[in-house]
Amino acid sequence: MMKKWKRMFLFGILVSGLFFIWSGECRAWGPPVKEDEDTFLEWYEEHKDGEAPITKQLSGDLFISDEKEEAAVLDGTRPITIDCNGHGIIVQREMVIDNPNLIIQGNTRNGFLMMVNTGGILKLEQGLLRLTGEEGVVLQVLSPNGVSGPSRGGVFTIEGEGTDIQGITWTQGVPIEVSNLNIKVSGSVAAKWLVSMNLRELTVNHCQIQAIGGSESYGIYCRDSVNDDVGRIILHDSFVLAVGLDASARTYSVYHPKGEIRYENSSLEPPVDTGRIYTALELGELEPVYTETGVMPGEWSLPDTVGVYVEETGVEGERIERIPVTWAIPDSAFTNPGYCIVKGTFQDGRLDGKLENPNRIVPEVTVLCLPPEKMFLIAYEVDQDFVRNGVSLVVPYPAGAERMRIEYSADGERFERYEGEGGDILAGIVKPRNHLLYFHIVVPLEAPVYYLRVVVDGDSMFAGTSPVWKIDTGSSEEVPPDVDDDGGGDRGGQDLDPTFPDKEEPSDQTDGAVDEKKEHHTTNSSDEMRTGGDSGSVSGRQSDNEKDSSAVSSSSSVLGASGDNSSNLRQNADSVKRKSDTKAESADHAQYVSASGENEEKMEAATDNGMEKMKKESKDSVMPWILVVLCLFVLVGAGIWCGKKVFFKKQ
């Protein structure tokens, strides 16, 4: 009886030991715990409005199931934090995140924060996704076209911080488009913002991308699983920054070993050498910019890029290429209707190749300050032969108009149609390059003073009858010298800049650069700002005093969607360089520029204490296993001792 009890005791000890070891490896018995979708969505709907911050912690993986048809929407304005607590959110149907104060955060125990499964669609409008931990992915996309970015920039952010962190990963071999996202990933070992292992075509629009890694840092990392030269990457109006903290770090803003990389009005740091060389031939057509009195020049909505006819070395023929421009804008707003021609400088650093400008073409755009009536008289010049009553007029070109006719009057009340030139001023006129319509008429009146107005027909913003303009035949007013009366050219034409130094004169200007004080000019030859649209007056241009005072401020550069944030990143470049290894400049493929200030301190700590932290974490992870092994030895020893007592008892 005693022998049987001892055997059962031995068996119980062994089973207990095995259970102890197994429980040290496994988290729980049974299937994974799921967060109930209906309960979660009901809770969110109930709490989405309000001002007090609130936190919801998930008890398991949250599946946005495909069993329902309506989209799961997380909107509202309340500051809400969803703590995934080591679990993940799996999207299997349409889901919308549209709360500017919503934070979805978690750690990497699950390997990802959010996953868009096959058939799922995740629409990101406003909010923040944040992942911390060791190795993991903030957003994993398994569904073709499974993610759509917000409709405007600066409102949705994806962040990741840890050891080896990836921002977004794609595995589908379909065209991918990402727009209007702010991405920040940092890893003490490696950081990659966007990863595609089966690339066909990736288009990035209006995105801010920042990757900071220890030994590896990639802004965009793309490789085809079969052939590296398949697929291409296209960036528009984006900023990509990759920073490697180690001296030998592999650092790429965009990595695609053999595929095609193209970008327009985008800044990549470190730069990507595409080997392309463009030769500028002439400016393409550029629409005018319309504004109103009192609007500051910084709000004039000047274009980020201009079209330029170029030839690419090694490519037959010419084409239009959009080239980024920094404009030399005035310091003051219009106080009366008028115009100015703003000139700029090509920024080939934001072009996917080197720009050669042998003709020294200068980009320029006409800014028209319009009155409420739209059409106004910019300037007039009376012929010296007063018998003929000839007069030259300058008005805004009425784009979209079918015809424009002149009406004249001796008293300003009874008007007759001018029949000269067939009655249609626009007949036979080529659209002017600067959108200033210059024409000459002979008014059949013998009077020292008479009145004119124009009537515009067609689909044009200038359609209708203009105010009445008083013409004084004794006026000494002249047409501005920058009004081009030749109607432009075959492709819009261009003016070669007349104030560039001769070849014999020394110059430190690069091709296409503008001497801002000389080149940026307004168009009034008088010292007063003239009014327009009222009877007896002529609309004016900015005065010479304003012209001389115009300058380019440090904040006036037009750099597209990435302007403000990318400037902040660049301003901290020297700081990060000092905090990196002083030997980093010799590293292959690396160019070191700064992270934003908010990440700078974290990256410094990760660099200085990374190894010590990893050693501590390694030690902490080994200690439980040492205890398990010791317990195992104790159990085995106890088993042997009991076995001897039971099986080898002396007879």
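Structure first, text after, so check above.
Residues numbered from 1 in each chain as written. Predicted model: local features only at pLDDT ≥ 70, side-chain atom pairs only at ≥ 80, totals over all residues. Heavy atoms only, no water.

**A short note on the nonpolar core**
As a reminder of what qualifies: Residues grouped as a nonpolar core are buried Ala, Val, Leu, Ile, Met, Phe, Trp, Tyr and Cys residues, joined through side-chain atoms within 4.5 Å. Exposed residues in this analysis have more than 50% of their type's maximum accessible area, buried residues have under 20%, and partly exposed residues fall in between, with area computed by a 1.4 Å probe over protein chains only. Only runs of H or I of at least four residues qualify as helices and only runs of E of at least two qualify as strands under DSSP, and these elements are numbered from the N terminus. Here a residue-residue contact requires only that any non-hydrogen atoms of the pair lie within 4.5 Å.
Core analysis: the largest hydrophobic core is formed by 59 residues, its most contacted members being Ile 104, Met 114, Leu 139, Leu 202 and Ile 220. Broken down by element, this core gets its largest block of residues, seven residues, from strand E9 (residues 121–141). When sequence neighbours within four positions are dropped, the list of residues in contact with Leu 139 reads Met 114, Val 116, Leu 122, Leu 124, Val 147, Ile 158, Gly 167, Ile 168 and Thr 169. With 38 residues, the next largest nonpolar core counts Tyr 380, Tyr 408, Leu 426 and Phe 462 among its residues.

**Brief notes about the sheet that holds strand E30 (residues 390–396)**
Quick note on the threshold: When DSSP finds two or more bridges between a pair of strands, those strands are recorded as paired. Axis lines are fitted to C-alpha atoms, over the contacting stretch for helices. Their N-to-C directions set the angle, which ranges from 0 to 180 degrees.
Strand order across the open sheet formed by three strands is E29-E30-E33, with antiparallel pairing between neighbours. In this open sheet, the two edge strands, each paired with only one partner strand, are strand E29 (379–382) and strand E33 (436–442). The mean inter-strand angle of the sheet, taken between neighbouring strand axes irrespective of direction, is 15°. By the bridge criterion, four bridges tie E29 to E30 in an arrangement that is antiparallel. Residue pairing for E30: Ala 379 is matched across the bridge by Val 394.

**Thoughts on the pairing of strand E5 (residues 80–83)**
Two elements, strand E2 (residues 54–57) and E5, share four bridges in a ladder whose sense is parallel. Looking at the pairing, Thr 55 lines up with Thr 81 of E5. Taken together, the four bridges between E5 and strand E7 (residues 94–107) define a ladder with parallel strand orientation. Within E7, the residue paired with Thr 81 across the bridge is Ile 103.

**Remarks on the packing of aromatic side chains**
Here the distance between the centres and the angle between the planes together describe a pair of aromatic rings. Going by this rule: Aromatic pairing here means that ring centres of Phe, Tyr or Trp (its six-membered ring) are within 6.5 Å. Orientation follows from the plane angle: under 30 degrees is stacked, over 60 is edge-to-face, and everything else is tilted. In this analysis the charged atom, NZ for Lys or CZ for Arg, is taken to sit over a ring once it is within 6 Å of the ring centre and within 35 degrees of the ring normal.
Counting across every chain of the model gives seven aromatic pairs. With 6.1 Å between their ring centres and 65° between their planes, Tyr 290 and Phe 462 make a pair best called edge-to-face. With a gap of 172 residues between them, Tyr 290 in strand E23 (residues 289–291) and Phe 462 in the loop between strand E34 (449–458) and strand E35 (464–465) connect regions that are remote in the sequence. Residue class for Phe 462 comes out buried when judged on its relative accessible area of 2%. Through a chain of ring-to-ring contacts, the aromatic side chains of Tyr 218, Tyr 221, Tyr 252 and Tyr 255 assemble into a single cluster. Against the face of Trp 43 rests Lys 56, its NZ or CZ located 5.5 Å from the ring centre. In this structure, Lys 192 packs its charged tip against the face of Tyr 221, placed 4.0 Å from the ring centre.

**Notes on the sheet that holds strand E17 (residues 232–236)**
Judged by pairing direction, the sheet is parallel, and its four strands sit side by side in the order E12-E14-E17-E20 without closing on themselves. Lying at the two open borders of the sheet, with one neighbouring strand each, are strand E12 (176–179) and strand E20 (260–264). Neighbour to neighbour, the strand axes of the sheet diverge by 10° on average, direction disregarded. Here four bridges tie E12 to strand E14 (residues 201–205), and the two strands are oriented parallel to one another. Paired with Ser 179 across the two strands is Asn 205, which belongs to E14.

**Topic: the pattern of salt bridges**
Definition in use: Should a side-chain nitrogen of Lys or Arg be within 4 Å of a carboxyl oxygen of Asp or Glu, the pair is scored as a salt bridge.
Under the definition given, this model contains 25 salt bridges. Of the charged contacts in the structure, one is a salt bridge between Lys 68 and Asp 38, with a shortest N-O distance of 2.0 Å. Taken together, the positions of Lys 68 in the loop between strand E3 (61–64) and strand E4 (72–74) and Asp 38 in helix H2 (residues 37–47) put the pair 30 residues apart, joining distant regions of the chain. Judged by its relative accessible area of 27%, Lys 68 is partly exposed. We note a salt bridge from Arg 262 to Glu 260, for which the minimum N-O separation is 2.7 Å. For Glu 260, a relative accessible area of 28% corresponds to the partly exposed category.

**Details of the environment of Val 254**
Within the secondary structure, Val 254 sits in strand E19 (residues 250–255). Sequence separation of Val 254 and Cys 222 is 32 residues, and the distance between their C-alpha atoms is 8.1 Å. Beyond its immediate sequence surroundings of up to four residues, Val 254 is in contact with Ile 220, Ile 233, Leu 235, Ile 261, Leu 268 and Val 272.

**Section: the environment of Pro 257**
Of note, Pro 257 is situated in the loop between E19 and E20. Sequence-wise, Pro 257 and Cys 222 are 35 residues apart; in three dimensions their C-alpha atoms are separated by 8.1 Å.

**With respect to the pairing of strand E16 (residues 216–222)**
Put simply, side chains in a regular strand alternate between the two faces of the sheet. Of all seven residues making up E16, six are buried, and the element is well covered by its neighbours. In terms of strand pairing, E16 meets E19 through five bridges, oriented parallel. Across the sheet, the residue bridging to Tyr 218 is Tyr 252, located in E19.

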